[in-house]
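# What the coordinates show
The primary structure of each chain is shown beneath.
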Amino acid sequence: TKGGDGADASFWSTVSSAVTGAAALVQAAAMLYVTYSILKTVERDGAALAAQDRPEHRKVAELTKSEEEFTAMFREVTKWDALSTVHALVIQASVVAFLLSGILMAADFALTEHICFRKFKITNSIGDDYEVDGLKGNVLNVVILPLGVVSLGLACCGLAIHIIIGRIMSSKADKLNWKQSL
């Protein structure tokens, strides 16, 4: 059994950690090998591959060509000097929200006493008490009130603001592109 008392629990905890670590090492090694192989292929055959005319590449090239004007307009409206004060402040608000969320999560990771999220491993039981790294039967108890909610809320706010300002800038680029096409 994976649970139990004393030496049995300690043994399974050690096995779990060792197997998880070995899996992570295998995944990292596989990723490095694949990346190395791709880079070697591009280095060796990149020019020949780029020179080939393929039907599936034509569609991508056509799409890229059709979006060139919009992309140029988007770059123009998103230049920091071209932004209105309100848009610049909205972008800064998004950045601050992400940074504060990240700082809280980093502090939670670095401190010995967790402030945002309870310690919970795959070998723990959700039904156990907090003292034995359980969640008292509720998965939402992994979030420690209030800073866990604050951290997640800041991340969600930062994301929402980022999406909103991205759509506003896309709309501005569309309008500018449309005006220039007249």
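Quick look at the structure, then. (Residues numbered from 1 in each chain as written. Predicted model: local features only at pLDDT ≥ 70, side-chain atom pairs only at ≥ 80, totals over all residues. Heavy atoms only, no water.)

The next thing to look at is the overall build of the protein chain. Of regular secondary structure, the protein chain possesses five helices and zero strands. Shown N-terminal to C-terminal, the secondary structure of the protein chain runs as helices and strands in the order α-α-α-α-α. What you see for the protein chain is a C-alpha radius of gyration of 25 Å, clearly larger than the 16 Å of a compact globule of 182 residues, by over 25%. Each principal axis of the C-alpha atoms in the protein chain carries an extent, and together these give about 75 × 50 × 25 Å. Each of the 182 residues in the protein chain was classed as buried or not, and the buried ones make up 14%. The contacts of the protein chain with a sequence gap of at least 6 include a subset with a gap of at least 24, amounting to 58%. Surface summary for the protein chain: the accessible area is close to 13,600 Å², and the carbon and sulfur share equals 67%. Considering the protein chain, the positive charge centre built from 17 side chains and the negative charge centre built from 19 side chains are found 7 Å apart. (Helix = DSSP H or I, 4+ residues; strand = E, 2+ residues; numbered from the N terminus. Rg over C-alpha atoms; globule rule 2.2 N^0.38 Å. Buried < 20%, exposed > 50% of the residue type's maximum accessible area, 1.4 Å probe, protein only. Contact = heavy atoms within 4.5 Å. Areas by Shrake-Rupley, 256 points an atom, 1.4 Å probe, with all protein chains shown as cover. Lys, Arg positive; Asp, Glu negative; His and termini not counted. Charge placed at Lys NZ, Arg CZ, Asp CG, Glu CD.)

The next point concerns the layout of surface pockets. A volume near 170 Å³ is recorded for the second largest pocket. When the residues that make up the lining of the second largest pocket are grouped by side-chain class, the tally is two nonpolar, three polar and four charged. (1 Å grid on protein atoms, 1.4 Å probe; cavity = no way out; pocket = protein on both sides within 12 Å on 5 of 7 lines; lining within 4 Å. Points joined across faces, edges and corners; volume = space filled by probe spheres on them. Nonpolar A, V, L, I, M, F, W, Y, C, P; charged D, E, K, R; others polar.)

With that out of the way, let us pick up the pattern of salt bridges. Here the structure, examined in full by the defined rule, presents five salt bridges. Residue Asp45 is joined to Arg44 by a salt bridge in which the shortest nitrogen-to-oxygen separation is 3.2 Å. A relative accessible area of 28% means that Asp45 is categorised as partly exposed. Of the charged contacts in the structure, one is a salt bridge between Asp53 and Arg58, with a shortest N-O distance of 3.1 Å. (Salt bridge = Lys/Arg side-chain N within 4 Å of Asp/Glu carboxyl O.)

Within the secondary structure, Lys65 sits in helix H2 (residues 55-66). Lys65 sits 33 residues away from Phe98 along the chain, and the two C-alpha atoms are 34 Å apart.

Another aspect to go through is the nonpolar core. Buried together is how nonpolar side chains tend to be arranged in soluble globular proteins. Within the largest apolar cluster, six residues are counted, these being Met73, Val77, Leu83, Ile165, Met169 and Ala173. The set of elements that each furnish at least two residues to this core consists of helix H3 (68-77) and helix H5 (147-181). If one sorts the elements of this core by residue count, H5 sits on top with three residues. (Core = buried A, V, L, I, M, F, W, Y, C linked by side-chain atoms within 4.5 Å.)

So, on to the packing of aromatic side chains. In total, this model carries two aromatic pairs according to the counting rule given. Here Phe11 and Trp12 contribute two aromatic rings whose centre-to-centre distance is 5.1 Å and whose plane-to-plane angle is 75 degrees, an arrangement assigned as edge-to-face. Under the relative-accessibility criterion, Phe11 is labelled partly exposed at 47%. With a relative accessible area of 35%, Trp12 lands in the partly exposed category. Between the aromatic rings of Phe70 and Phe74, the centroid separation amounts to 6.0 Å while the plane-to-plane angle is 35 degrees, which identifies the pairing as tilted. A residue pair is termed a helical-turn pair when its members lie 3 or 4 positions apart in one helix, as Phe70 and Phe74 do in helix H3 at four residues. The class for Phe70 is partly exposed, based on a relative accessible area of 23%. The ring of Tyr130 carries the charged tip of Arg118 above its face, separated from the ring centre by 3.8 Å. (Phe/Tyr/Trp six-rings, centres within 6.5 Å; stacked < 30°, edge-to-face > 60°. Lys NZ or Arg CZ within 6 Å of the ring centre and 35° of its normal.)

Turning our eyes to something else, we now look at helix H1 (residues 7-51). In an α-helix there are 3.6 residues to a turn, and that puts residues three or four apart on one side. For H1, with 45 residues, the first-to-last C-alpha span of 64 Å sits near the 66 Å given by 1.5 Å per residue. At Asp45, H1 shows its largest kink, close to 75 degrees. (Expected span 1.5 Å × (residues − 1). Bend = angle between axes of the 7 residues up to and from the residue.)

This next bit is on the side chain of Asp108. Here Asp108 is to be found in helix H4 (residues 85-110). Buried charge without a partner: Asp108 forms no salt bridge, and the closest opposite charge is Arg118, 9.2 Å away. Of the polar contacts made by the side chain of Asp108, one reaches the backbone nitrogen of Ile115; its length is 2.7 Å. Those residues in contact with Asp108 that lie beyond four places of it in its chain are His114, Ile115, Cys116 and Phe117. (Polar contact = N/O pair within 3.5 Å; in protein donor to acceptor, adjacent residues only side chain to side chain.)

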